[in-house]
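As a plain string of letters, each chain reads:
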Amino acid sequence: KVPVRLVELSDRALEYLRRNIALNGVSDLCEAVQGDALSDRTAEQMPLCDLIVTNPPYLTEKDMRELQTEVKFEPETALAGGVDGLDFYRAICENWGDTLAHGGILLFECGWKQADAVAEILQKYGFSDVCIEKDDAGVPRIVIGRSPREDDDLTK
């Protein structure tokens, strides 16, 4: 059993991820698995987690139309978060809430104007102790919530 599972959708990025795990000598601690974080099937295949950390795609459709040249090389799936940029947050809360153990933590990075909206999404899905943390520049960028699971149901 490995303590850290890293989920990656892209074949190419998965190669880099596995290579970096090996280069850093953490193969006994980390396992890279291919999966779609937006899919409930991926979440259902995971064991209970104490912590889920994600830096999801959070750009709005408007942001995507006005994308800076230096960012355009990134795959759209790594950037586009839907009309309001919040699709990933909703899907993670919906699909992965039962993957967190009782007391488990979900931690999101978000866009510089999205922290309040992301906190509302967490609360809507029953997460507790929701808080917003600022980055080193003082911008609200990290939203944290505690699992909505009421017990340590180990049937997962």
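Definitions and limits used
In this numbering scheme, every chain counts its residues from 1 along its sequence in written order. Whole-chain, interface and lining totals are the exception, using all residues; otherwise, since this is a predicted model, local features are given only for residues with pLDDT of at least 70 and side-chain atom pairs are given and counted only at 80 or more. Working from all heavy atoms in the structure, the side-chain values ignore hydrogens and water. Here a strand is any run of E in DSSP of at least two residues, a helix any run of H or I of at least four, and the numbering for each starts at the N terminus. Taken over C-alpha atoms, the radius of gyration is set against a globule rule of 2.2 Å times the number of residues to the power 0.38. Here's how the labels work: a residue is buried when its accessible area is under 20% of the maximum for its type, exposed when over 50%, partly exposed in between, all with a 1.4 Å probe on protein chains only. Note on areas: these come from Shrake-Rupley sampling with a 1.4 Å probe, and a residue is covered only by the protein chains present in the view. In this tally, Lys and Arg are treated as positive and Asp and Glu as negative; His is ignored, and so are the chain termini. By convention, the point assigned to a charge is CZ for Arg, NZ for Lys, CD for Glu and CG for Asp. In this description, a nonpolar core means a group of buried Ala, Val, Leu, Ile, Met, Phe, Trp, Tyr and Cys residues linked to one another through side-chain atoms lying within 4.5 Å. Aromatic rings from Phe, Tyr and Trp, taking only the six-membered ring of Trp, are treated as a pair when their centres fall within 6.5 Å; an angle between ring planes under 30 degrees marks them as stacked, one over 60 as edge-to-face, and anything in between as tilted. By the convention used here, strands pair only if DSSP detects at least 2 bridges between them. The axes used here are C-alpha line fits, helices contributing only the stretch in contact, and every angle between their N-to-C directions lies in the interval 0 to 180 degrees.

Student: So what exactly am I meant to see when it comes to the overall build of the protein chain here?
Tutor: Secondary structure summary: the protein chain contains 5 helices and 6 strands in total. Relative to the compact-globule value of 15 Å for 156 residues, the protein chain shows a C-alpha radius of gyration of 16 Å, a close match. Along the first, second and third principal axes, the C-alpha set of the protein chain runs to 45 × 40 × 30 Å. For the protein chain, the residues scored as buried account for 35% of the 156 residues in total. Carbon and sulfur atoms form 49% of the exposed surface of the protein chain, whose accessible area is close to 9900 Å². Treating the 17 positive side-chain charges of the protein chain as one cloud and the 30 negative ones as another, the clouds have centres 3 Å apart.

Student: How should I be thinking about the nonpolar core in this particular structure?
Tutor: It is characteristic of soluble globular proteins that their nonpolar side chains tend to be buried jointly. Of all hydrophobic cores here, the largest spans 26 residues; its most connected members are Tyr89, Cys93, Leu106, Phe108, Val118, Leu122 and Val143. Put simply, the parts of the chain that give this core at least two residues each are strand E3 (49–54), helix H4 (87–96), strand E4 (100–109) and helix H5 (115–124).

Student: Mind showing me how you'd approach the packing of aromatic side chains here?
Tutor: As enumerated under the stated definition, the model contains 1 aromatic pair in all. With 4.8 Å between their ring centres and 75° between their planes, Tyr89 and Phe108 make a pair best called edge-to-face. One end of the pair, Tyr89, is in helix H4; the other, Phe108, is in strand E4, with 19 residues separating them in the sequence. Comparing Tyr89 with Phe108, the two get one shared label, buried.

Student: Would you explain the sheet that holds strand E5 (residues 128–134) in this entry?
Tutor: Through backbone hydrogen bonds, the strands of a sheet pair up, either in parallel or in antiparallel fashion. Reading across from one edge, E3-E4-E6-E5 is the order of the 4 strands in this open sheet, with mixed pairing throughout. One side of each edge strand has no neighbouring strand; the edge strands of this open sheet are E3 and E5. Going from strand to strand, the sheet's axes swing by 15° on average, the running direction of each strand aside. In this sheet, strand E6 (residues 140–146) lies alongside E4 in antiparallel orientation, the contact comprising 5 bridges.

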